[in-house]
Amino acid sequence: MKKKNLTPSQLAEQQAKENAAALAALQKRREKEHKKMMKKDGTNKRVGKSWRNDVGIFILLTLLGLFMIFPIYLAVVNSLKPVQEVYLMPPKLYAMEPTLDNFRDLFKVASDSWVPFSRNVFNSIFVTVVATVFHVAFACTAAFILAKCKFPGAAALNRIIVVSLLFNSTVTYIMQYIVMANLGMINTYAALILPIIPSTMGLFLMRQSMTTLPDAMIEAAEIDGAGLMRICWGIIMPNSKPALMTIIIFEFQSAWNATGGSLVYDEALKTIPVVVQQIAAAGIARQGAIAASAVVLMIPPLAVFIAAQRNVMETMAHAGMKD
Amino acid sequence: MAQQAAQKEILLRSERKMSRKEKREYTLHEMKRNKMCYIMLAPFMILFIIFTAIPVVMSLPIGFTSFDMASFPKWVGLENFYTLFLNDDVFIKAIRTTLIFAIFTGPLSYAMSFMLAWLINELHPTLKTIFTLVFYAPSMAGNIYFVWQLIFSGDSYGYLNAFLSEFGITTSAIQWLTDANYVLPCVIVVQLWVSMGAGFLALRAGFQGIDKSMYEAGAIEGIKNRWQELIHITIPSMGPQLMFAAVMQIVSAFTVDIVGRTLAGFPSTDYKVHTIMTHAYDYGWVRYEMGYASAICFVLFIAMYICNNLVSKLLSRYMD
């Protein structure tokens, strides 16, 4: 068709027709896709989701997973082996006569030391709970401000947080010791707890995930007259559940493994990891004792991990929000 | 048009008119208006300044001194850095080793974390939890890499040697962790094994936070398969988490140290797994030459900083 010969009004008519045809085709295609997407019972289905894909993914992940889990399995097996089996030739992948002797020895030695073991258990629980609670409370409020508020210094602070992650503790450790000695914190609970609370890793993760939340959420709350604290804990936090659970896992882990290094030397202040590692290092049947101590130390973070992961409900963060 | 130009003119004039004094006043006013922000930042930031910022700032000048931790640091200027790059063969070797490790624990492990987190996300919720746990478990188990010592053990108690001889592949035991030919690959395997850490878990959380209705909308807009879904929906809405994982991966890639030191002993055969961090540990905590160790850490920090800037530039280009 030669467009040159048409008058403007005819041209417009022509174009309108073409547009209508294209629109109709698009509509048809979308309806088809939509039908394809909807199951017979009306529930939505994701594209490309088939059981064959899922089985393939499952097999791939299982193979990789076996490689990941195998050394941990070996540790568990070794902790269950009696002494005579540890040095068996060739080594077995299972315990022929599994016993709990290694664990029993561990706890027997632990309870025989001159500070009651319950004291160490209390220390560990106290340090871990206090550090995790305060870290979560402080890091979440700070992350919210850094992610969503504009104020003088915001950009600089965000930069500092990232840069601080790049520093490692080999050298700063001495300076940290000097600072804490000047504050009179050596050999106190404060030395165990306070340095792990401002962990920038948790703050950074929280900030990063909060930036993905729509601003409209906050604006709506502001119009309703909510203060920043209210917005943070009432609106932002419930929508950041996956990140929250992740930083709880991180902080719990670092608090649980906190030994205090040379900042704490009093027996009465020592945590479970310190005690257990001391025993394992001096034990009789070392290989078994080391494995047993590793298994014991792994249980609490594992429990927290499972609890946290189960708690991560597939939150519909943006439900009812249209940007 | 004319109106726009006029508006532009007004804007320009107001910018030009803002003197230094006015700017300061404006900043002060803004700070007062956002008082609540500072109050909410305070608890974290005060602790951060005391326990991280002050020690870091205090330790920066140490790299320019000779400091044995017994007497007061003595200023030596750039001497540490001259020695490091011109007179320290082990350091040059350590740079090479660190780069080898960095390739594996950096880009490779980053890609692996992302792929795994994505694949896991496609499964049933219970399987999600199980697989996330399985892949994160090595990072959770603290010092459990001692088990690898049992696997790679050079005597016939070693699992790998026992396995290989049982199937007749080898006849004599291989000294996996002391033979210069094998020690580096062995440590790399273990390093990869522990590298599904914070970055992986953050990516998992990122996937979980994605709005499901986006996928439905995507399907309507004509997305055909999961690859398209990944590229057009998932990655753009996960930018911040990808950045977090990248930073964590950079840090862990450049600070590889303890795994090699535990498994291959210290010092390792031919300095095969001697990284920059191992070098810093050597000078700081074995020889007590803190000034030199600080200089090493300073160089490492600069390298990480440059790398971090490059990666954030790259990511921001693809994200927005």
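Residues numbered from 1 in each chain as written. Chains lettered and ligands numbered in written order. Predicted model: local features only at pLDDT ≥ 70, side-chain atom pairs only at ≥ 80, totals over all residues.

## Some remarks on the overall build of chain A
Broken down by element type, chain A carries 14 helices and zero strands. Counting all 323 residues of chain A, 35% fall into the buried class. Looking at chain A alone, contacts between residues at least 24 apart form 76% of all its contacts between residues at least 6 apart. (Helix = DSSP H or I, 4+ residues; strand = E, 2+ residues; numbered from the N terminus. Buried ≥ 20, exposed ≤ 12 C-beta atoms within 10 Å, placed from the backbone. Contact = placed C-beta atoms within 7 Å.)

## Looking at the overall build of chain B
Secondary structure assignment for chain B yields 16 helices and two strands. Rg of the C-alpha trace for chain B: 26 Å, well past the compact-globule value of 20 Å for 320 residues, more than 25% over. By its C-alpha atoms, chain B is 90 × 65 × 35 Å across when sized along the principal axes. Taking the intrachain contacts of chain B between residues at least 6 apart in sequence as the baseline, contacts between residues at least 24 apart amount to 68%. (Rg over C-alpha atoms; globule rule 2.2 N^0.38 Å.)

## Digging into the domain arrangement of chain A
How big an interface is tends to be stated in terms of accessible area lost as the parts join. All names here are of chain A. For chain A, the assigned domains read domain 1 (51-86) and domain 2 (101-319). Placing the centre of domain 1 and that of domain 2 at their C-alpha centroids yields a distance of 28 Å. On the domain 2 side, the residues contacting the eight residues of domain 1 number nine residues. For the side of domain 1 that touches domain 2, a count of residues per class yields five nonpolar, two polar and one charged. (Domains from an automatic or database assignment. Nonpolar A, V, L, I, M, F, W, Y, C, P; charged D, E, K, R; others polar.)

## Remarks on the environment of B:Lys74
Here B:Lys74 shows up in strand 2 (residues 74-75). What B:Lys74 contacts, discounting residues up to four positions off in sequence, is B:Thr65 and B:Ser66.

## With respect to the interface of chain B and chain A
The partner chain A presents 83 residues to the 88 residues of chain B that form the contact. Here the residues of the side of chain B that touches chain A sort into 59 nonpolar, 20 polar and nine charged.

## Details of the nonpolar core
Of all hydrophobic cores here, the largest spans 148 residues; its most connected members are A:Ala139, A:Ala142, A:Ala143, A:Met206, B:Phe44, B:Val187 and B:Ile296. If you count residues domain by domain, this core takes at least three from each of domain 1 (51-86) and domain 2 (101-319) of chain A. (Core = buried A, V, L, I, M, F, W, Y, C linked by C-beta atoms within 7 Å.)

## Some remarks on unusual backbone geometry
Residues other than glycine seldom take positive phi values, yet A:Asn187 does so here, at roughly 65°. Tracing the backbone shows A:Asn187 in the loop between helix 7 (169-182) and helix 8 (189-193). The phi dihedral of B:Tyr288 falls on the positive side, at around 55°, and the residue is not glycine. Summarising the element assignment, B:Tyr288 is placed in the loop between helix 15 (276-286) and helix 16 (290-319). Of the residues examined, B:Tyr288 has 13 C-beta atoms within 10 Å and is grouped as partly exposed.

## Focus: the packing of helix 4 (residues 101-112) of chain A against helix 13 (residues 272-282) of chain A
All names here are of chain A. At a minimum axis separation of 10 Å, helix 4 and helix 13 run at an interaxial angle of 115°. By the angle between their directions, the pair helix 4 and helix 13 is classed as roughly perpendicular. Between helix 4 and helix 13 lies a crossing whose hand is right-handed. When helix 4 is examined against helix 13, the residues Leu-106, Val-109 and Ala-110 are found in contact with a partner set consisting of Val-275, Val-276 and Ile-279. Grouping the amino acids of the contact of helix 4 with helix 13 by side-chain chemistry returns six nonpolar, no polar and no charged. (Axes fitted to C-alpha atoms, helices over the stretch in contact; angles between N-to-C directions. Parallel < 35°, antiparallel > 145°, perpendicular 65-115°, else oblique. Left-handed = near helix turned anticlockwise from the far one by under 90°.)

## As for the packing of helix 5 (residues 89-121) of chain B against helix 15 of chain B
Residues and elements named next belong to chain B. Two numbers describe how helix 5 lies on helix 15: the axes approach to 8 Å, and their chain directions differ by 140°. By the angle between their axes, helix 5 is oblique relative to helix 15. Of the residues in helix 15, those touching helix 5 at Val-90, Phe-91, Ala-94, Ile-95 and Thr-98 are Ile-276, Thr-278 and His-279. For the contact of helix 5 with helix 15, the residue count by class is five nonpolar, three polar and no charged.

## Let's talk about helix 10 (residues 198-208) of chain B
Along helix 10 of chain B, eleven of the eleven residues are buried, which leaves the element largely enclosed by surrounding structure. Of the positions making up helix 10 of chain B, those classed as buried are B:Ala198, B:Gly199, B:Phe200, B:Leu201, B:Ala202, B:Leu203, B:Arg204, B:Ala205, B:Gly206, B:Phe207 and B:Gln208. Residues of helix 10 of chain B that are buried in the fold lie against helix 9 (200-210) and helix 12 (241-256) of chain A together with helix 5, helix 6 (125-140) and helix 13 (239-254) of chain B.

## Considerations on the confidence of the model for chain A
Residue and element names in this part refer to chain A. Confidence along chain A averages 81 in pLDDT terms, with 87% of residues attaining 70 or more. Averaged over each element, pLDDT in chain A is lowest for helix 3 (residues 83-86) (74) and highest for helix 5 (residues 117-148) (92). Within the model, the stretch residues 39-44 combines pLDDT values under 50 with four contacts to residues more than four positions away or in other chains. Taken together, the stretch residues 314-323 has pLDDT below 50 and engages in 16 contacts with residues farther than four places along the chain or on a different chain. (pLDDT = per-residue confidence, 0-100.)

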